[in-house]
Amino acid sequence: MEDDIQEEVLSQFKERGLGGWQILQLTAGTGLAVYAVWAGILMPGFRRVPLKLQVPYMPASRAQVSNVMTLLKGRSGGIADLGSGDGRIVLEACRQGFSPAVGYELNPWLARLACFHAWRAGQHRSVSYRREDLWKVDLSTYKNVTVFLAPSVLSLLQKKLLAELPEDAMIVAGRFPFPDWTACKVEGEGVDRAWAYHIQELRHRFHSQDKHEKTS
């Protein structure tokens, strides 16, 4: 599965030319040599993160952000972006009226980059980027959740979202869909595609499935 993710990332590099600012973003996101030394040598705990939970950073394109926002059109309330990267999803959600707009990102370079984007946009007081483990975050107050994560992480995240989110919550996944869920709506094509899921529908489906299995 990790090989598939690497091919996905490489294909995007080939399809899209990277300008100077995008290269700087990738440098900040991956950390390149400096971050590799810090994470691999000075931060031994990083090496204890299972490979399947390590998510390669790839900035969301304008089309991806647009598709996510299209799926969230007409909704309101708080939004949480899990693995928020450079923060552009949170920033756009804030512009469109979602509050609170919060991003969760463990990579310190990306968290700083997100704060810089928010400051440059004059929205640094309206958004929040937190360096917290998404597995320990209480999501019960969020009616909207966005994720741009690897399939191996999404498969583990399903249980947490089903257990914690309120009944009227919506989840939007970008780049990769949830492996065991059926989306209620899809927007975009190719690597820019986004999938929307209503938590109420998912719970009803899984409840019906469990009931059927017990009576079989």
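Definitions and limits used
Residues numbered from 1 in each chain as written. Predicted model: local features only at pLDDT ≥ 70, side-chain atom pairs only at ≥ 80, totals over all residues. Heavy atoms only, no water. Core = buried A, V, L, I, M, F, W, Y, C linked by side-chain atoms within 4.5 Å. Buried < 20%, exposed > 50% of the residue type's maximum accessible area, 1.4 Å probe, protein only. Helix = DSSP H or I, 4+ residues; strand = E, 2+ residues; numbered from the N terminus. Contact = heavy atoms within 4.5 Å. Pairing = 2+ DSSP bridges. Right-handed = clockwise from strand over helix to strand, strands pointing away. Axes fitted to C-alpha atoms, helices over the stretch in contact; angles between N-to-C directions. Parallel < 35°, antiparallel > 145°, perpendicular 65-115°, else oblique. Left-handed = near helix turned anticlockwise from the far one by under 90°. Nonpolar A, V, L, I, M, F, W, Y, C, P; charged D, E, K, R; others polar.

The chain carries the name Adenine nucleotide translocase lysine methyltransferase in an unreviewed UniProt entry, which gives Onychostoma macrolepis as its organism.

What follows is about the nonpolar core. Nonpolar side chains tend to gather and get buried jointly when the protein is soluble and globular. Judged by nonpolar contacts, the single largest core of 27 residues is most densely connected at Leu-82, Val-147, Leu-161 and Phe-178. Only strand 1 (79-82), strand 2 (101-104), strand 4 (144-147), helix 7 (151-164), strand 5 (170-174), strand 7 (194-198) and helix 8 (199-215) provide two or more residues apiece to this core. Tallying contributions element by element places helix 7 first for this core, with four residues. Those residues in contact with Val-147 that lie beyond four places of it in its chain are Asp-81, Leu-82, Leu-154, Leu-157, Val-172, Ala-173, Gly-174 and Phe-178.

Let us now look at helix 5 (residues 88-95). Those residues of helix 5 lying buried are Ile-89, Val-90, Leu-91, Ala-93 and Cys-94. If you follow the buried residues of helix 5, they end up packed against helix 4 (62-71), strand 1, strand 2, helix 6 (108-120), strand 3 (127-130) and strand 4. A positive phi of about 100° marks Gly-97, the residue just after helix 5.

What follows covers the pairing of strand 3. Going residue by residue along strand 3, you find Val-127 and Tyr-129 tucked away on one face and Ser-128 and Arg-130 left uncovered on the opposite face. Of the pairings in the sheet, the one linking strand 2 to strand 3 comprises four bridges and is parallel in character. Residue pairing for strand 3: Gly-103 is matched across the bridge by Tyr-129. One crossover worth recording links strand 2 to the parallel strand 3 by way of helix 6, and it is right-handed.

Attention now goes to the packing of helix 4 against helix 5. Remark: helix 4 packs on helix 5, axes separated minimally by 10 Å, with the N-to-C direction vectors making an angle of 45°. The pairing of helix 4 with helix 5 is recorded here as oblique in orientation. Handedness of the crossing formed by helix 4 with helix 5: right-handed. Contact residues: helix 4 offers Val-65, Val-68 and Met-69, while helix 5 offers Arg-88, Ile-89, Glu-92 and Ala-93. Looking at the contact of helix 4 with helix 5 residue by residue, the class counts come to five nonpolar, no polar and two charged.

Here strand 1 shows two buried faces, one formed by Ile-79 and Asp-81 and the other by Ala-80 and Leu-82. Pairing analysis gives four bridges linking strand 1 to strand 2, with the strands arranged parallel. By the bridge assignment, Leu-82 is partnered in strand 2 with Tyr-104. A crossover connection joins strand 1 to the parallel strand 2 through helix 5; in handedness this β-α-β unit is right-handed. Pairing of strand 1 with strand 4 involves four bridges; the strand directions are parallel. For Ala-80, the partnering residue across the bridge sits in strand 4 and is Val-145.

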